[in-house]
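Descriptive structure summary
Listed below are the residues making up each chain.
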Amino acid sequence: MTTTIDTTSSSDAATRGEIAISVRGLHKHFPIREGALQRVAGQVRAVDGVSFDIRRGATVGLVGESGCGKTTLGRCVSGLTDPTTGGVYFDLTEAEHARLDTLLATPEDDRSDEMKAELESIGKHHRIDRLEKKEWVRYRRNCQVVFQDAFASLNPRHLVREIVGRPLKVHKEASGDDLTERVVELLERVGMGRQHLYRYPHQFSGGQRQRISIARALALDPELIVLDEPTSALDVSVQAQILNILHDLQSQLDLTYLFITHDLSVIRHMADEVVVMYLGRVAEAGSTTDIFDDARHPYTRALLKASPDLEDDTDAAFVTLEGSVPDPARPPQGCRFHTRCPVATSICGWEVDDVVRALEETGGGLFGALTEVTRDSEFAADLVFSEEEAAAEMEGALRSDRVPAAAGEALIELRREGTRVRIAFQEVPEVELTERGPGHVAACVLSEPRPE
């Protein structure tokens with residue numbers, strides 16, 4: 001299921017109904033290579049099916065824990081890496097946007113030749129990884145990036161004049177004295193000036209270096225700026241200055257932001273819409289008001305409760321997130337958050353890997369005695385142990401409170417034959433995003449109809 005998230009700002013620019021960026025079914029997988037021949041043994045599913053829109057003049061906040069895929073998604077949006085499947089569409093008209101969703105909603109096998117040709121035509125003119133040279137140059141002008149580590153993103157051997165002016169030189173916008181004056185104008189926009197032209201990056205503080213990065217991003221008058229943790233490495237007082245600069249620039253220049261961060265207090269201040277990611281997928285998305293006042297996904301509520309800068313009235317069970325983030329090369333079935341969710345139910349997607357992960361995390365004799373896992377599916381398998389005593393202990397553990405109660409309820413088969421333990425869980429589909437209110441979606445079975 002592909003869900004569109006309209007990011008409507010209160011600003012005049014955002015209410016024109018013009019969509020700057022449309023992300024549709026985006027996947028980005030990285031191969032896992034093993035052995036001397038470096039054969040592909042699996043895929044790290046960094047981004048695993050993400051769709052949303054950003055309207056002109058709006059700010060979309062992309063949040064989640066480290067490793068959830070938000071930076072990879074930002075790199076795909078900015079064109080720094082190509083998606084595995086799906087795409088990022090730029091500058092669609094309202095009619096093209098509606099037609100694109102209609103075409104993508106049609107199963108691939110059911111698309112006529114005309115529909116395929118139409119989809120190819122839209123991709124050729126608007127999908128950034130398929131743009132021809134002229135259109136690609138136009139997109140590069142209109143999409144700029146401000147990185148988390150300003151020092152690493154600035155050439156230490158170049159003066160500020162060269163760093164900020166390079167986009168103008170590459171696109172042949174200015175040269176000579178005109179270039180210098182343009183650079184001075186850009187520096188003044190971010191609170192710096194002519195006196196900084198002939199200094200190197202190492203001669204500035206962290207906040208000043210980030211101002212230089214912002215000035216460089218503004219050089220070509222872009223429509224969209226991808227801000228990847230732009231304030232996380234700065235002192236609190238400097239963070240406020242940078243955020244105020246970004247806010248003022250957006251008002252003055254009608255900029256569109258994709259703001260990537262793990263700091264929810266920053267998002268509350270900056271964003272019109274919020275997209276919450278967990279393990280490569282969207283867990284919840286909606287307006288900033290909906291997310292902060294009426295979060296519907298347990299993961300979002302846990303993030304809110306864990307933020308010390310926010311006042312939150314959610315249940316005390318969400319004080320902290322327990323356990324580690326699962327391996328993105330083998331994400332959990334059903335709801336990807338169920339392995340850490342304090343309110344997980346039997347229909348959240350318990351599977352064989354949950355048992356194997358529990359053995360890995362606890363270690364000890366049971367994991368050491370596990371010699372083989374013979375799978376029928378993700379939900380059913382035979383666990384083979386080296387000794388009958390270990391198999392008996394495993395059976396006892398699955399029948400006791402050593403496993404989450406919801407996992408025990410999801411077991412539909414548990415039997416032991418010698419050193420072999422047969423387990424099978426109730427099969428459930430991937431939990432999709434569903435409407436929780438106007439423009440508010442969440443991927444959670446809570447308050448949703450139970451499957452038959």
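The notes below deal with the structure included here. (Residues numbered from 1 in each chain as written. Predicted model: local features only at pLDDT ≥ 70, side-chain atom pairs only at ≥ 80, totals over all residues. Heavy atoms only, no water.)

**Quick look at the overall build of the protein**
Quick reminder of the rule: Each helix corresponds to a stretch of at least 4 residues labelled H or I by DSSP, and each strand to a stretch of at least 2 residues labelled E; elements are numbered beginning at the N terminus. For the radius of gyration, the atoms used are the C-alpha atoms, and the globule rule reads 2.2 Å times the number of residues raised to 0.38. Each residue gets one of three labels from its accessible area relative to the maximum for its type: buried under 20%, exposed over 50%, partly exposed in between, using a 1.4 Å probe on protein chains only. Contact definition: two residues touch when any of their heavy atoms are within 4.5 Å. For the area figures, the Shrake-Rupley method with a 1.4 Å probe applies, and any residue is considered shielded solely by the protein chains shown. Asp and Glu are treated as the negative residues and Lys and Arg as the positive ones, with His and the ends of the chain left uncounted. Charge positions come from single atoms, namely NZ of Lys, CZ of Arg, CG of Asp or CD of Glu.
Counting its secondary structure elements, the protein contains 16 helices and 15 strands. On C-alpha atoms alone, the protein measures out to a radius of gyration of 25 Å, which is about the 22 Å that the 2.2 N^0.38 rule sets for 452 residues. Each principal axis of the C-alpha atoms in the protein carries an extent, and together these give about 85 × 55 × 55 Å. Evaluated residue by residue, the protein yields a buried proportion of 51% over its 452 residues. In the protein, of all internal contacts separated by at least 6 residues, the share reaching a separation of at least 24 is 66%. For the protein, the accessible surface area stands at approximately 21100 Å², while carbon and sulfur atoms represent 46% of it. Taken as two groups, the 51 positive and 75 negative side-chain charges of the protein have centres that lie 7 Å from each other.

**Observations concerning the environment of Ala380**
Checked against the element boundaries, Ala380 lands in strand 11 (residues 380-385). Along the backbone, Ala380 and Ala392 are 12 residues apart, and their C-alpha atoms lie at a distance of 18 Å.

**Some details on the environment of Thr102**
Following the sequence through the fold, Thr102 ends up in helix 2 (residues 94-105). Using a relative accessible area of 41% as the deciding quantity, one classes Thr102 as partly exposed. In this structure, the C-alpha to C-alpha distance between Thr102 and His27, residues 75 residues apart in sequence, is 20 Å.

**A short note on the sheet that holds strand 10 (residues 370-377)**
Filter applied, for reference: Strand pairing requires that DSSP identify at least two bridges connecting the strands. Helix axes are fitted to C-alpha atoms over the stretch in contact, other axes to C-alpha atoms as well, and angles between N-to-C directions run from 0 to 180 degrees.
With respect to topology, 4 strands assemble into an open sheet ordered 10-11-13-12, the strand pairing being antiparallel. Two strands lie at the open edges of the sheet, namely strand 10 and strand 12 (411-417), each paired on one side alone. Taking the axes of each pair of neighbouring strands and ignoring which way they run, one obtains an average angle of 15° across the sheet. Summarising the sheet, strand 12 and strand 13 (residues 420-425) pair through 6 bridges and their orientation is antiparallel. Pairing of Arg415 across the sheet is with Arg422, part of strand 13.

**Overview of empty space enclosed by the protein**
The line we're drawing: Using protein atoms alone on a 1 Å grid, points that fit a 1.4 Å probe yet trap it form a cavity, whereas open point sets bounded by protein on both sides within 12 Å along at least five of seven lines form a pocket; residues with an atom within 4 Å of a point count as lining. Grid points are joined across faces, edges and corners, and a volume is the space filled by probe spheres set on the points.
This structure, assessed with the given rule, holds 4 cavities of 30 Å³ or more. Its volume calculated, the largest cavity comes out at about 110 Å³. Tyr278, Arg281, Val282, Ala283, His297, Gly334, Cys335, Arg336, Phe337, Glu430, Val431 and Ala443 are the residues that line the largest cavity. It is strand 9 (residues 281-287) that provides the largest number of residues to the lining of the largest cavity, a total of 3 residues.

**Description of the packing of aromatic side chains**
Under the convention used in this document: Aromatic contacts are taken between Phe, Tyr and Trp rings whose centres are within 6.5 Å, Trp giving its six-membered ring; a plane angle under 30 degrees counts as stacked, one over 60 as edge-to-face, and the others as tilted.
In this structure the tally under the stated criterion is 5 aromatic pairs. With a centroid separation of 4.9 Å and an interplanar angle of 70°, the aromatic rings of Phe90 and Tyr139 are classed as edge-to-face. Taken as a pair, Phe90 in strand 4 (residues 85-90) and Tyr139 in helix 4 (residues 133-142) lie far apart in primary sequence, 49 residues in all. The class for Tyr139 is buried, based on a relative accessible area of 0%. These aromatic residues form a ring-pair network of at least three members: Phe90, Trp136 and Tyr139.

**Considerations on the sheet that holds strand 14 (residues 434-437)**
Taken in spatial order, the 8 strands line up as 5-6-7-3-8-9-15-14 in an open sheet, and their pairing is mixed. At either end of the open sheet lies a strand with only one pairing partner, and these are strand 5 (143-146) and strand 14. Here the strands of the sheet are splayed against their neighbours by 20° on average, with no regard to which way each runs. Direction of pairing for strand 5 relative to strand 6 (residues 224-228): parallel, over a ladder of 4 bridges.

**Examining the pattern of salt bridges**
Note the cut-off: Salt bridges are defined as contacts in which a side-chain nitrogen from Lys or Arg sits within 4 Å of a carboxyl oxygen from Asp or Glu.
What the rule picks out here adds up to 31 salt bridges. For Glu223, the salt bridge goes to Arg56, with nearest N and O atoms at 2.2 Å. With Glu223 in the loop between helix 8 (206-218) and strand 6 and Arg56 in the loop between strand 2 (39-55) and strand 3 (59-63), the pair connects residues that are 167 residues apart, well separated along the chain. Salt-bridge contacts for Glu395 lead to Arg399; the nearest nitrogen and oxygen are separated by 3.4 Å. Overall, the relative accessible area of 17% leaves Glu395 in the buried class. Its relative accessible area of 55% is what places Arg399 among the exposed residues.

**Observations concerning the nonpolar core**
Using the following cut-off: Nine residue types can take part in a nonpolar core, namely buried Ala, Val, Leu, Ile, Met, Phe, Trp, Tyr and Cys, and a core is a set of them joined through side-chain atoms within 4.5 Å.
Counting 118 residues, the largest nonpolar core has Ile21, Leu73, Val77, Phe385 and Ile423 as its most contacted members. Per-element accounting of this core gives the leading share, 6 residues, to helix 9 (residues 236-253).

**Structural notes on helix 12 (residues 298-306)**
Within helix 12 the residues assigned to the buried category are Pro298, Tyr299, Thr300, Ala302, Leu303 and Leu304. Here the buried face of helix 12 lies against helix 10 (264-270), strand 8 (273-278), strand 9 and helix 11 (288-293).

**Brief notes about the packing of helix 6 (residues 160-170) against helix 8**
Short version of the rule: Should an angle fall under 35 degrees it is taken as roughly parallel, and over 145 as roughly antiparallel, whereas 65 to 115 is taken as roughly perpendicular and any remaining angle as oblique.
Put simply, helix 6 and helix 8 touch, their axes get as near as 7 Å, and they point 30° apart. Taken as axis vectors, helix 6 and helix 8 run roughly parallel relative to one another. Facing Val160, Ile163, Val164 and Pro167 of helix 6, the residues of helix 8 in contact are Ile212, Ala215 and Arg216.

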